[in-house]
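What follows is each chain in one-letter form.
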Amino acid sequence: MQISQVGIYMGSHQSAEVPEAKKVDTEIIQHGQKRLDPYSWMKDENWQQVLREPDQLSEDIRQHLEREAAYYEALTAGLEPLRQTLVREMRGRIQEEDSTVPVPDGPYAYYSRFREGGNYRVFCRMPRDGGEETILYDGDHEAGDSEFFSVGSVVTSPDHNSLICSTDRVGSEYYELQVRDLTTGRDIGAPIKNTSGEAVWASDSKSFFYIERDASQRPKRVRHHVIGDDPDADRIVYEEADDGMFLSIGKTTSGKFIIIHIGDQITTESWFIPANEPFSDPVIFAPRIIQQEYYVDHVEDWFFIRTNQDGAIDFKIVRTPIDNPSRENWQTVIPHREGTLISEFTTFKEYLVRTERKDARPCIVVSDYEGNESEIDFEEAAYSVWYEDGREYETDILRFHYESMSRSTEIIDYNMRTGLRELRKQRSIPSGHNPDLYIVERLDAIASDGAKVPVVVLRLKDTALNGSAPLLLYGYGSYGAYIDDGFSSNILSLVDRGAVYALAHIRGGSAKGQKWYLDGKLGKKMNSFTDFIAAAELLIDNGYTSKGRIVSYGGSAGGLLVGASVNLRPDLFGGVLAAVPFVDVLNTISDDTLPLTPPEWPEWGDPVHDIEGYNWISQYSPYDNIKAGEVYPPILATGGLTDYRVTYWEMAKWIARLRDETTGGPFLLRMNMKAGHGGSAARFEQLEERAHLFAFALDLWGLRDKQPVKHH
């Protein structure tokens, strides 16, 4: 089968061979309902092994993915000059030789930096009062000739003499831990394999805690490792029996307690171990109660807890004595206010800091333990702000980051005692950036049930609002995640060519509080997609763009969003960018052997044991709801072979089915055979991946040859 020039691609009549995927109908019966899956063969029978050893992929699947890659390259070959231009632009906005603001910790100040041309961070420290730099871990050097390399964490010991680094050289997020002696620079002992990448030191710096993943990629066991011992003999501190509950570990801001956190999407439980008694058994805070969450920190004689107990849907903060932390002793410190979400908190010795969000606007609130508090306020209509936890418990300084869609990041030290602010760093844009060229606006789309959906828009001031501008519409809308209205230097490559960028804060996220999240999950998941469509229609009605000029963009669960939305309204969109898209939802959430499936049931429903959950998902699963015979816009999907979060076969099956059952397109797949969920972890390779998406969109809009606005 041949396809000639498609739309405005390449400006030539070059043809490319369309991959024809074989069809082997697999009959699936659930709850008495039958469906056929013609592409289930794309899921390798040994997929677990493939995650660890991608060269073990079955030959027929590999050949199909290679044909997809060849088709993509042939059909978009004419875009290569544009992709190179975009990479140069995006790279030109990066301060290549750059450093984080040093963070004080005891006698040292710690920071990381990039060297010019470097792909990975170099982790460093210097004496707190100034002096010579010491390189602790050099990411560029450690990467060597690895085709994929990612640093999970670099954690220095309390005595500052050792560090633990976690690395992934495949992309499957099975991290390897290695201890290094900072005095000699030598590694100590054998690496610890199959971990989540997290590590927490005991107070004496002689041992640490980490999480072991099982063969299904699930974080199942907390282990305790003593430096120099055989990792195979590490003590199991905690093992979770429920496949639906995942583990994480951390340490309180005070450094006094190791916290083992267990949770799914709606229920949590925590255990603690005194950091100076690492061989003691963990103690439970409060046994798990279904649909109740709590998160713990520590101050002096008290544990402080953020919880939704007693109907506090948007959370409250309580405290409880450390010698008896059970629920009957929880005392309210910050009461619940519906509609004002307490999204996170940190306890310093003299201050309680929390982030709140109301009506899609975040703020930071600082209070002492006597009830006096102040809000760090901001003036822009839409912005992003977040604070660093820091390394020190006894401090007056809170460091926060502030930015908006048009203004680059400011790093500010806020004195919690005096209220004074000190600008520590303004992100530099070497190629030039004039924020006054732009307008950031906030609109409210009216959903089908009357809900107001916040939509934040970035555009050039001189972009005409007559419907002629192309528009990139981005959204996510799952897990209660909040997408910041922050600065993206990369997106300027589109906006500077006259495109409008819009971010829709749809239900399923938590922009307007926890109820906003609950109204976009389980049986109400369709609200996410209809909210997204309402946002698109609002932008059309207000002249920001016109029908067919919108390219939708989403990644992971955001890929589900754009996949479901284009099924509902294929006529509305001019193109779709689906990055590692979660599109084979019904099959994935019905397969409890997959790593994330059991923990996902509280988010989507349980189609295995519950016909109601099956019916919810079957309404919108993109792979199962393609409108046969309809004209679909061009779609570019990306994936990663070693991605355990959204497995490679999801987007491969989706693209094959779109190509077989619909008209229009083209439908393209770009699979990274050497990476996982996040694609490449190398900063310049990430730009190349982004350039493929953006060049696709610019070509659809007819802007391939458009020159960006000048900033000087």
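Residues numbered from 1 in each chain as written. Predicted model: local features only at pLDDT ≥ 70, side-chain atom pairs only at ≥ 80, totals over all residues. Heavy atoms only, no water.

Enquirer: What is the right way to read the overall build of the protein from this model?
Expert: Counting its regular elements, the protein contains 13 helices and 42 strands. A compact globule built from 712 residues should have a C-alpha radius of gyration of about 27 Å, and the protein, at 25 Å, falls within 12% of that. With the C-alpha coordinates aligned to their principal axes, the bounding extent of the protein is approximately 70 × 55 × 55 Å. Within the protein, contacts between residues separated by at least 24 positions form 56% of all contacts whose residues are at least 6 apart in sequence. Accessible surface computed for the protein: about 27,900 Å², of which carbon and sulfur atoms make up 46%. When the 75 basic and 112 acidic side-chain charges of the protein are each reduced to a single mean position, those positions are 3 Å apart. (Helix = DSSP H or I, 4+ residues; strand = E, 2+ residues; numbered from the N terminus. Rg over C-alpha atoms; globule rule 2.2 N^0.38 Å. Contact = heavy atoms within 4.5 Å. Areas by Shrake-Rupley, 256 points an atom, 1.4 Å probe, with all protein chains shown as cover. Lys, Arg positive; Asp, Glu negative; His and termini not counted. Charge placed at Lys NZ, Arg CZ, Asp CG, Glu CD.)

Enquirer: Please explain the pairing of strand β36 (residues 500–504) as it appears in this structure.
Expert: The two faces of the sheet receive side chains in turn, since in a regular strand these alternate between them. β36 sits mainly inside the fold: five of its five residues count as buried. Because side chains alternate across β36, one face comprises the buried residues Val 500, Ala 502 and Ala 504, and the other comprises Tyr 501 and Leu 503, equally buried. As judged from the four bridges shared by strand β34 (residues 452–460) and β36, these two strands associate in the antiparallel manner. Bridge pairing in β36 links Val 455 to Ala 504. Here strand β35 (residues 471–474) pairs with β36 via four bridges, running parallel. (Buried < 20%, exposed > 50% of the residue type's maximum accessible area, 1.4 Å probe, protein only. Pairing = 2+ DSSP bridges.)

Enquirer: I'm lost on the sheet that holds β35 in this one. Help?
Expert: Note: strands within a sheet are paired through backbone hydrogen bonds, in either parallel or antiparallel orientation. Ordered in space as β33-β34-β36-β35-β37-β38-β40-β42, the eight strands form an open sheet in which the pairing is mixed. Two strands lie at the open edges of the sheet, namely β33 (438–446) and β42 (667–672), each paired on one side alone. With direction set aside, neighbouring strand axes in the sheet form an average angle of 20°. Pairing analysis gives four bridges linking β35 to strand β37 (residues 550–555), with the strands arranged parallel. By the bridge assignment for β37, Tyr 474 is matched with Tyr 553. Across the sheet, helix α2 (residues 59–75) lies against β40 (635–640) and β42, angled at about 115° from β42, the strand it touches most. On the sheet, helix α7 (residues 526–541) packs against β33, β34, β35, β36, β37 and β38 (573–579) and is oriented at approximately 125° with respect to β33. (Axes fitted to C-alpha atoms, helices over the stretch in contact; angles between N-to-C directions.)

Enquirer: Explain the pattern of salt bridges to me, please; I cannot follow it from the model alone.
Expert: Two side chains bearing opposite charge may form a pair once their charged atoms approach each other closely. Inspection of the entire model under this criterion finds 54 salt bridges. Where Asp 138 meets Arg 115, a salt bridge forms, and the shortest distance between an N and an O atom there is 3.0 Å. Taken together, the residues span a long stretch of sequence, with Asp 138 in strand β9 (residues 134–138) and Arg 115 in the loop between β7 (108–114) and β8 (122–127) at a distance of 23 residues. Take Asp 138: its relative accessible area is 15%, and that puts it in the buried class. You can call Arg 115 partly exposed: its relative accessible area is 28%. For Glu 239, the salt bridge is made with Arg 221, and the minimal N-O distance between the two is 3.0 Å. Taken as a pair, Glu 239 in strand β16 (residues 235–239) and Arg 221 in strand β15 (residues 219–226) lie far apart in primary sequence, 18 residues in all. For Glu 239, a relative accessible area of 45% gives the class partly exposed. Look at Arg 221 and you get buried, because its relative accessible area is 16%. (Salt bridge = Lys/Arg side-chain N within 4 Å of Asp/Glu carboxyl O.)

Enquirer: Looking at this model, I keep getting lost on unusual backbone geometry. Mind explaining?
Expert: Phi is mostly negative for residues that are not glycine, and the peptide bonds are mostly trans. That bond from Gly 665 to Pro 666 is cis: its omega, 15°, falls within 30 degrees of zero. Relative to the elements of secondary structure, Pro 666 occurs in the loop between β41 (663–664) and β42. Positive phi values are uncommon outside glycine, yet Phe 315 reaches one of about 75°. Residue position: Phe 315 is located in the loop between β22 (302–307) and β23 (316–321).

Enquirer: Could you clarify how one ought to interpret the environment of Ser 510 in this entry?
Expert: Topologically, Ser 510 is positioned in the loop between β36 and α6 (514–518). With 410 residues separating them in the primary sequence, Ser 510 and Thr 100 have C-alpha atoms 29 Å apart. Setting aside its immediate chain neighbours within four residues, Ser 510 contacts Leu 341, Arg 357, Gly 480, Ala 481 and Tyr 482.

Enquirer: What exactly am I supposed to notice about helix α10 (residues 597–604) here?
Expert: Note: α-helices contain 3.6 residues per turn, so residues at a spacing of three or four share the same orientation. Burial analysis of α10 places eight of its eight residues in the buried class, which makes it a mostly covered element. Considering only its buried residues, α10 is in contact with β17 (246–251), α6, α8 (557–568), α9 (585–589) and α11 (611–620). Remark: Gly 605 follows α10 within two positions and exhibits a positive phi of approximately 115°.

Enquirer: Sorry, what's going on with the sheet that holds strand β24 (residues 331–334) here?
Expert: One open sheet accounts for four strands, arranged β21-β22-β23-β24; its pairing is antiparallel. Looking at the sheet topology across the chains shown, the edges are occupied by β21 (294–299) and β24. When strand polarity is set aside, the average angle formed by the axes of neighbouring strands in this sheet is 35°. Taken together, the three bridges between β23 and β24 define a ladder with antiparallel strand orientation. The residue of β24 that forms the bridge with Val 318 is Thr 332.

Enquirer: Explain the confidence of the model for the protein here, please?
Expert: Low-confidence regions, as indicated by low pLDDT, have predicted coordinates that should not be scrutinised in detail. Summary statistics for the protein give a mean pLDDT of 94 and a share of 98% for residues scoring 70 or more. Counting interchain partners and residues more than four positions distant, the pLDDT-below-50 stretch residues 1–8 has 23 contacts. Note on residues 10–14: pLDDT is under 50 here. Beyond four places in sequence and across chains, it has 15 contacts. (pLDDT = per-residue confidence, 0-100.)

Enquirer: I would appreciate a short explanation of the nonpolar core in the present structure.
Expert: Looking at soluble globular proteins, one finds that nonpolar side chains tend to be buried together. Ranked by internal contacts, the top residues of the largest apolar core, which has 76 residues, are Leu 65, Leu 473, Leu 539 and Trp 654. Not counting residues within four places of it along the chain, the set of residues in contact with Leu 539 comprises Leu 443, Val 455, Val 457, Leu 471, Leu 473, Ala 502, Tyr 544 and Thr 545. (Core = buried A, V, L, I, M, F, W, Y, C linked by side-chain atoms within 4.5 Å.)

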